[in-house]
Amino acid sequence: MTDLHRPASTDASRRWFLRTSGALGLGAATLSTVGVGEASAADQESAERRPAGTRPPVRTGTGLDRLPHPLVIGHRGASGYRPEHTLGSYQHALDLGADVVEQDLVPTKDGHLVVRHENEIGGTTDVADHAEFAARKTTKTIDGKAITGWFTEDFTLAELRTLRAKERLPLQRQHNTLYDGRWAVPTFRDVVEFAQQRARAAGREVWLYVETKHPSYFRSIGLPLEERLATELRRAGLAGRNGRAILQSFEPSSLQRLARLVDNPRIQLLSDRNTQPYDFVLAGDKRTVADLVTPDGLRWMAGFAHGLGPTTNLIAPVDPATGKLLPATTLVADAHAHGLVLHPYTLRNENAFLPADFRHGTDPNAYGDSLAWARYLMDQGVDGFFTDQADTSLLARADFWSAHHAD
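Within an unreviewed UniProt entry, the label attached to the protein chain reads glycerophosphodiester phosphodiesterase, and the organism entered is Kitasatospora sp. CMC57.

Okay, structure coming up:
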């Protein structure tokens, strides 16, 4: 029986099968004929007839070019299903088919890099249940905000090893609390070794997507992140443009420092338009994110970054009064014009995280139409996205590939 979406040629059929079957999930980078490749003559001839999201991918000259497009990034692993930044979360993300898994790095008192979303760990570990650490609870100012809790930089690695991870959003994701206490707080080295073991077992590459958290703050207290990260990447054979590690930060100076240490692909993270990177605040630089997404700002970032990780609101803004989508911005086209790829954050299934256009019912914790939301972003031309639920994002990508197979 003829499939109306299936390409006619043998080579195109092979690409179509691999994409729509999900075979381009974990490790697709090893399949050179179906990764991100050079645009053919047919590509160029048909470029003007394509929807925006099916244009030939921007080529960065890094290992990003051989990863699937659009890229599905397991946000802190599979944090929609397991407590974030645990080996269990990473394992589940890869089992679901995520192309890449993300780590946020913070240091311990004795200089080890551990994987936590924040250095405050009261919400993601059982530290509050440890009487021996009760006196460590304190209030600190991190990036201009007063935060009370327990902080990784006040613990040695040996002490952190005694803690267990737990779900950060227990009221919203009650099913994740089933796994509270199951996994320890991993070091970055633990995650690298896990990824290497997984790669050997599967016969496929496992890529990491690594963020330096609060880098100016940690440098100010004598625990700089960039040099430690570069050392770990070199030690593991992950340094370099094809080193299977993508580096990201909200602070441009951190990416610039990393660029001088290792030549890995680099992504500049961007928050809401009216915010400032904290290193700008410290330096007295008055530019906001709104300034950075102008042509001048994009040109400047293209000098040290290969792409952007913007909040979805910078691409697909919503009306604050209704929660409904407003017309899309020109950021995708503008960034691509400067040779920058875009990996927006974060796609989640729950209504609370979706534009009103894609919600189902009124329960904020119920699932909405996250597949349609992902397809909307892909239709805008994004090059990938961070997702808490890689399985639904992969289904959306398969639909997208099937609908726009002629690439």
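Regarding the nonpolar core
F188, L208 and L229 are the most contacted members of the largest nonpolar core, which totals 79 residues. It is helix α5 (residues 188-202) that contributes the most residues to this core, 6 residues altogether. In contact with L229, other than residues within four places in its own chain, are L105, L113, F188, V210, T212, L247 and L258. With 13 residues, the next largest nonpolar core counts V58, L64, I73 and F386 among its residues.

Quick notes on the confidence of the model for the protein chain
Detailed reading of predicted coordinates is not advised where the pLDDT is low. Looking at the protein chain as a whole, its pLDDT mean stands at 89, while 86% of the residues score no less than 70. In the model, residues 1-51 has pLDDT below 50 throughout and makes 83 contacts with residues more than four positions away in sequence or in other chains.

Points about the packing of aromatic side chains
This structure, assessed with the given rule, holds 10 aromatic pairs. Arranged with centres 5.8 Å apart and planes meeting at 25 degrees, the rings of Y179 and W183 form a pair that is stacked. Aromatic side chains F250 and Y345 sit 6.0 Å apart centroid to centroid with 90 degrees between the ring planes, which places their arrangement in the edge-to-face category. In this pair, F250 sits in the loop between β7 (245-249) and α8 (252-261) while Y345 sits in the loop between β10 (341-342) and α13 (370-380), placing the two residues 95 residues apart along the sequence. F250 gets classed as partly exposed once you look at its relative accessible area, which sits at 29%. Grouping aromatic residues by their ring pairs yields a cluster made of F280, W300 and F304. Sitting over the ring of W300, R287 keeps its end group 4.2 Å from the ring centre. Its end group placed over the ring of F353, R348 keeps NZ or CZ at 4.6 Å from the ring centre.

Observations concerning the pairing of strand β6 (residues 207-212)
In terms of burial, β6 is a largely internal element, 6 of the 6 residues being buried. As paired strands, strand β2 (residues 100-107) and β6 are joined by 6 bridges and run parallel to one another. Its bridge partner being in β6, Q103 is matched across the sheet by V210. Examined bridge by bridge, β6 and β7 share 4 bridges and lie parallel to one another. Along β7, the bridge assignment pairs V210 with L247.

Thoughts on α8
Among the residues making up α8, those that are buried are P252, S254, L255 and L258. Viewed along the axis of α8, the buried residues span an arc of 155 degrees, placing them on a single side of the element.

Regarding empty space enclosed by the protein
Counted by the stated rule, this structure contains 3 cavities of 30 Å³ or more. Taken as a whole, the largest cavity spans an internal volume of roughly 110 Å³. Lining the largest cavity are 13 residues, with L64, H69, V341, H343 and D383 positioned closest to its centre. In terms of residue class, the lining of the largest cavity is made up of 8 nonpolar, 3 polar and 2 charged.

Rules used in this analysis
Residues numbered from 1 in each chain as written. Predicted model: local features only at pLDDT ≥ 70, side-chain atom pairs only at ≥ 80, totals over all residues. Heavy atoms only, no water. Core = buried A, V, L, I, M, F, W, Y, C linked by side-chain atoms within 4.5 Å. Buried < 20%, exposed > 50% of the residue type's maximum accessible area, 1.4 Å probe, protein only. Helix = DSSP H or I, 4+ residues; strand = E, 2+ residues; numbered from the N terminus. Contact = heavy atoms within 4.5 Å. pLDDT = per-residue confidence, 0-100. Phe/Tyr/Trp six-rings, centres within 6.5 Å; stacked < 30°, edge-to-face > 60°. Lys NZ or Arg CZ within 6 Å of the ring centre and 35° of its normal. Pairing = 2+ DSSP bridges. Arc of directions from axis to C-beta. 1 Å grid on protein atoms, 1.4 Å probe; cavity = no way out; pocket = protein on both sides within 12 Å on 5 of 7 lines; lining within 4 Å. Points joined across faces, edges and corners; volume = space filled by probe spheres on them. Nonpolar A, V, L, I, M, F, W, Y, C, P; charged D, E, K, R; others polar.

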